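Next come the chains, spelled out residue by residue.
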Amino acid sequence: METIGIWIAALLTLGIFSFLYKDNPFYKFCESLFVGVSAGYWFVTTFWQVFMPKLADNLVAGRFYYIIGAIFGVMMLLRLIPKIGWISRWSLALVVGTTAGLYFTRYLVSNGMVQVQYTIISLYVKGNLSQTIGNLVIVIGTFSGLIYFFFSKEHKGAFGGLAKLGIWFLMLSFGASFGYTVMSRMSLLIGRMDFLLGTWLGLIR
Amino acid sequence: MRREIPLAITAIVGFALIIVYFIPHPPFNASKDFFEDLFFIIAAFAIWLGCLNLLKVNADKVYLKKKGWPFSIVVWFGFFLMVIVGFWEGRGFMNPGTTFYYLYDKLYYPLNATMFSILAFFVASASYRAFRARNKEATILLIAALFVMLGRVPFGYYLSSWLPEGWRLGNITDWIMDFPQTAAQRAIMIGIALGIVSSSLRVLLGLERTFASGE
Amino acid sequence: MKFLEKLLAVDRRIIFLFIAIAVALPLFFVVKLHIEVTPVVRNLHNALEALPPGSKVLVSLDYDPGSMPELQPMAESFFRYCFNRDLKVIIMGLWPNGPIQANVALEVVLKEPEIMKKNLKYGIDYVNLGYTAGNEVVIERMGSDIPVTFPKDYSGNKTEDLPLMKGVMNFNNIDFVYNLSAGYPGTVEWVLFAVDPYKVKLGAGNTAVQAPQIYPYLNSGQLVGLLGGMKGGAEFEIATGYPAKAVRYMFSQSVAHAVICLFILLGNFAYFATRKKKGS
């Protein structure tokens, strides 16, 4: 069974890779199978990991207020019926309200205030030139980057100069991100090559 | 009423959660726990909505004999294969040794992993064909990318081991990531945080209503 | 000149072939490469070393098989490290694939001779709480009540009946959180909803795509350490003294990067050379 499974996995892998040569029915079959299998996995996992422990078991244990969640959930599913699909907006409203309420405080604190706090740092560290330069880079880079994103004022003169500096910092960041993206994508390919050459064909120990 | 009730729900839930941040004591924290417990159930139904919608869309394709309709049957096959096996296995469906685990390992994993791995080829092609140092900004981007790509692999050490400690490719890459890159990402992060705060407030105050009206 | 123009117009399938060879060929060779442990990984390792045996570590696996080559070696090396140091592991997932990916990693690690000697028991030394829908709201709810958030583990056992979970009510009873993340929800959400509100100590392993965005959290101390991509995973394996998959893949990674750099330089050279010729 293990050997058959490895062969199936290898053939499906090659089916997806065949797209690199040209779009073809074998690739389309693998792609459709992937979509169906993913959806099936999510469906089953949600049932056993969420509905059963959180809804069914709680209702059986007498915590009946969970039925409100079930009612809102069924209202969400009614979106599939166009005539009464509008009722799903009530469930969506609860989701949006929860998310907005949580995001309002959490993003303001963690991504706003804490980040600003750690940008207000000493511009001169006695006896440590590299830290001094580093701190200057952080402060100037963050400030000029924020200046660039301020589009309510025309980027002219000194303001424009700072915005230009901000763009350079951003370009440096995007270059670093590109480098990391290449690293990530290559890692994924290495994994599949290892499977094909090692696990399937047994050419690699 | 079709629009007002959802806006009221959003406002009540959202402001209740903001109040709990500042007053995390009873009875306010009970409302937070209540809304969050409901959220889990609704989120699970939302996942099921996505799955059922997928089946509906593919069923329509088969019924109307649209282009590529045989592949919609494959989608249905894949879906029901996992669902039937998963329900049959019971709560221990994720345990190694089960049929579900076998299908996950031999179908889902290779398909998912390979689908993302082909991006490596497209990144390489894009690097060769489109990555051009046309101006100052693009040149900075290119130089940073080259430094990071070489500095983050052992080759960077071998290429620059003749340089003094602290000036090698790996050290330069570390410095780029720790300082200028961090600064730029922080600027983006602060900007996005302010944007999220303002859009959350707009949603809670009912100024943003697209989710409550229209399709 | 014609050669340069032809070079610029090369069929992309030739480029694909070069990349395939660049990635596949190095896998046939076992090359010991110099891998330096960077400070961000060293800090994570030091934070873990400071945990006494018996400490409870919450591991959140927030990825799917699409990110397995980068994050699965991190999961395996982390579990191996925890079991060797007698740290108690509580596994969960914000992505539906998380718990099953944990089982895949455990299947590998628990079969290793050194780990088998420890005679680890499910429910006492490690538990898998499974997945629950809700993304960041799950983290928020765990801050007040973990047993309510995960009333049963991944195979249906009551959480309150598991010996390891006795007394674990919220983040105050967790000594360290380790997150393996491929996107949303992931490390960012753990920082926002666990670190700042509940003062959780957090270490993370990210895909390389996500890693640059996480650096501000390292600078502000919201994150103790970060494993960025496969290189980060390799560094962690070196730091823990058990080089494994990630270290083995680094030769292939290096060659692939070198080829990409050559492509970029060649493409730019051909572009500017043909442009100069056309200009003159």
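Not measured: the values here are computed from a predicted model.

Chemist: So what about the overall build of chain C? Which residues, and what values?
Modeler: The number of helices and strands found in chain C is twelve helices and six strands. In terms of overall dimensions, chain C has a C-alpha envelope of 80 × 40 × 35 Å along the principal axes. Of all 280 residues assigned to chain C, the portion counted as buried reaches 57%.

Chemist: Go over the overall build of chain B with me, naming the residues and quoting the values.
Modeler: A count of helices and strands for chain B gives nine helices and zero strands. In chain B, the succession of helices and strands from N to C terminus is α-α-α-α-α-α-α-α-α. The C-alpha atoms of chain B give 26 Å as radius of gyration, which overshoots the globular expectation for 215 residues (17 Å, by more than 25%). C-alpha extents for chain B along the principal axes are approximately 70 × 50 × 40 Å. Relative to its full complement of 215 residues, chain B shows a buried share of 44%. Partitioning the intrachain contacts of chain B with sequence separation of at least 6 by distance along the chain shows that 26% fall at a separation of at least 24.

Chemist: Account for the domain arrangement of chain B, with residues named and values stated.
Modeler: Interfaces are frequently sized by the accessible area removed from exposure as the parts join. As assigned here, chain B comprises domain 1 (67–117) and domain 2 (121–178). The C-alpha-based centres of domain 1 of chain B and domain 2 of chain B are spaced at 40 Å.

Chemist: I'd like a description of the interface of chain C and chain A, backed by residues and values.
Modeler: Counting residues at the interface gives 43 residues for chain C, matched by 38 residues for chain A. Those elements giving two or more residues to the side of chain C that touches chain A turn out to be α2 (12–24), α4 (68–84), β3 (126–131), α7 (136–142), α9 (187–198), α10 (211–219), α11 (229–239) and α12 (245–279) of chain C.

Chemist: Got a sec to walk through the interface of chain A and chain B? Specific residues and values, please.
Modeler: Taken together, the contact between chain A and chain B spans 96 residues of the former and 103 residues of the latter. Elements with a contribution of two residues or more to the side of chain A that touches chain B: α1 (2–17), α2 (25–60), α3 (66–77), α4 (88–117), α5 (129–148) and α6 (157–200) of chain A. Tallying contributions element by element places α2 of chain A first for the side of chain A that touches chain B, with 23 residues. Taken together, the residues that form the side of chain A that touches chain B break down as 63 nonpolar, 27 polar and six charged.

Chemist: Report on the confidence of the model for chain C, specifying residues and quantitative values.
Modeler: Chain-level statistics for chain C give a pLDDT mean of 94 and a share of 98% at 70 or above. ipTM for the predicted complex: 0.92, alongside a pTM of 0.94.

Chemist: Quick one: what's the story with α2 of chain C, residue by residue and with numbers?
Modeler: Relative to the 18 Å expected for 13 residues at 1.5 Å per residue, α2 of chain C spans 18 Å between its end C-alpha atoms, a close match to the ideal helical length. Those residues of α2 of chain C lying buried are Ile15, Ile19, Ala22, Val23 and Ala24 of chain C.

Chemist: So what about the sheet that holds strand β6 (residues 225–228) of chain C? Which residues, and what values?
Modeler: Residues and elements named next belong to chain C. Ordered by their spatial adjacency, six strands build an open sheet running β3-β2-β1-β4-β5-β6, and the pairing between neighbours is parallel. The open sheet terminates on both sides in strands that have one partner only, identified here as β3 and β6. Along the sheet, successive strands turn relative to each other by an average axial angle of 15°, direction set aside. Here strand β5 (residues 202–206) runs beside β6; their pairing, made up of four bridges, is parallel. Of the residues in β6, the one forming a bridge with Gly203 is Gly225.

Chemist: Give me the nonpolar core: which residues, what numbers.
Modeler: Judged by nonpolar contacts, the single largest core of 213 residues is most densely connected at Ile42 of chain B together with Ile91 and Leu202 of chain C. In terms of residues, this core owes the most to one element, α6 of chain A, which gives 18 residues. Look past the residues within four positions of Ile42 of chain B in its chain and what remains in contact with it is Gly69, Phe72, Gly73, Met76, Ser91, Leu94 and Val95 of chain A.

Chemist: Could you give an account of the pairing of β3 of chain C, with specific residues and numbers?
Modeler: All names here are of chain C. Counting buried positions over the six residues of β3 gives six, a clear majority of the element. Pairing geometry for strand β2 (residues 88–93) and β3, over four bridges, is parallel. For Gly93, the partnering residue across the bridge sits in β3 and is Tyr131.

Chemist: Describe the environment of Val188 of chain C, with residues and values.
Modeler: Checked against the element boundaries, Val188 of chain C lands in helix α9. On a C-alpha basis, the gap between Val188 of chain C and Ala133 of chain C in space is 17 Å, while along the polypeptide they are 55 residues apart.

Procedures and definitions
- Each chain carries its own residue numbering, running from 1 in the direction its sequence is written.
- Written order determines the labels here, with chains lettered from A and ligands numbered from 1.
- Per-residue local features are limited, in this predicted model, to residues with pLDDT of at least 70; the limit for side-chain atom pairs, both in listing and counting, is 80 or more; totals at the level of whole chains, interfaces and linings are taken over all residues.
- Put simply, DSSP H or I for four residues or longer makes a helix, DSSP E for two residues or longer makes a strand, and each gets a number counted from the N terminus.
- Partly exposed residues are those whose C-beta has more than 12 but fewer than 20 other C-beta atoms within 10 Å; 20 or more makes a residue buried and 12 or fewer makes it exposed, with C-beta atoms placed from the backbone.
- Computation of the radius of gyration draws on C-alpha atoms, with the globule rule given as 2.2 Å multiplied by the number of residues to the power 0.38.
- Placing C-beta atoms from the backbone, we regard two residues as in contact once those atoms come within 7 Å.
- An automatic or database domain assignment provides the domain bounds reported here.
- Classification used: nonpolar for Ala, Val, Leu, Ile, Met, Phe, Trp, Tyr, Cys and Pro, charged for Asp, Glu, Lys and Arg, polar for all others including Gly.
- The score called pLDDT rates the predictor's confidence residue by residue, from a low of 0 to a high of 100.
- Expected helix span is given by 1.5 Å per residue-to-residue step, counting one fewer step than there are residues.
- The rule for pairing is simple: two strands pair if DSSP sees at least two bridges between them.
- Angles run from 0 to 180 degrees between N-to-C directions of axes, and those axes are lines fitted to C-alpha atoms, restricted for helices to the stretch in contact.
- When buried Ala, Val, Leu, Ile, Met, Phe, Trp, Tyr and Cys residues are joined through C-beta atoms within 7 Å, the set is termed a nonpolar core.

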